[in-house]
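# Observations on the three-dimensional arrangement
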Amino acid sequence: SNSPQRPPPAILMLLLTYILVSKTGATGIIGLVLLLQVGMYNETTSIIEDYHYSINAEPRVSKLGEVVEKWWWFLTVLSGTSVKNILLGDTIL
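A brief report on the enclosed structure follows. Since this is a predicted model, take the numbers as computed values, not measurements.

### Describing the nonpolar core
I30, L34, Y41, F74 and L78 together form the largest nonpolar core, which totals 5 residues. Listing elements by their share of this core, those giving two or more residues are helix 2 (26–55) and helix 3 (64–79). No other element matches the 3 residues that helix 2 contributes to this core. Discounting chain neighbours no more than four positions away, the residues touching L78 are L34, Q37, V83 and K84.

### What to know about the packing of helix 1 (residues 7–24) against helix 2
Relative orientation of the contacting elements helix 1 and helix 2 amounts to 135°, with a least axis distance of 6 Å. On the basis of the axis angle, helix 1 is oblique to helix 2. Across the interface between the two elements, T17, L20, V21 and T24 of helix 1 pack against A26, T27, G28, I29 and L32 of helix 2. The residue inventory of the contact of helix 1 with helix 2, partitioned by class, reads 5 nonpolar, 4 polar and no charged.

### Remarks on helix 3
Helix length check: helix 3, at 16 residues, gives a terminal C-alpha distance of 22 Å against a target of 22 Å (1.5 Å per residue), a fit within 8%. Taken together, the buried positions of helix 3 are occupied by K70, F74 and L78. The buried residues of helix 3 occupy an angular sector of 70° when the element is viewed end-on, so they sit on one face. Of the residues in helix 3, the exposed ones pointing more than 90 degrees away from the buried face are L64, E69, W72 and W73. Packing partners of the buried residues in helix 3 comprise helix 2 and helix 4 (82–88).

Criteria and cut-off values
Residues numbered from 1 in each chain as written. Predicted model: local features only at pLDDT ≥ 70, side-chain atom pairs only at ≥ 80, totals over all residues. Heavy atoms only, no water. Core = buried A, V, L, I, M, F, W, Y, C linked by side-chain atoms within 4.5 Å. Buried < 20%, exposed > 50% of the residue type's maximum accessible area, 1.4 Å probe, protein only. Helix = DSSP H or I, 4+ residues; strand = E, 2+ residues; numbered from the N terminus. Contact = heavy atoms within 4.5 Å. Axes fitted to C-alpha atoms, helices over the stretch in contact; angles between N-to-C directions. Parallel < 35°, antiparallel > 145°, perpendicular 65-115°, else oblique. Nonpolar A, V, L, I, M, F, W, Y, C, P; charged D, E, K, R; others polar. Expected span 1.5 Å × (residues − 1). Arc of directions from axis to C-beta.

Any functional reading would require information that these geometric values do not contain.
Below is the structure:
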């Protein structure tokens, strides 16, 4: 079991989150959410791409157009959600 390995990173993450929120307030939470959204989107799309390339037996080649399209889509969705709240100063969670 890896139970001794889990508490230190979890405690460190909670401590850093507490410091971020206590120093920056709602703006820090929005920034943290944006960072997490980028990380989760990147992870999800990489899993889907890996699956796509494995079932089609294609070599994994990242084309600039595909990368731009993937992140353009993400930024479009983000602009209607989190970015709108930041620009309007709407920090009510």
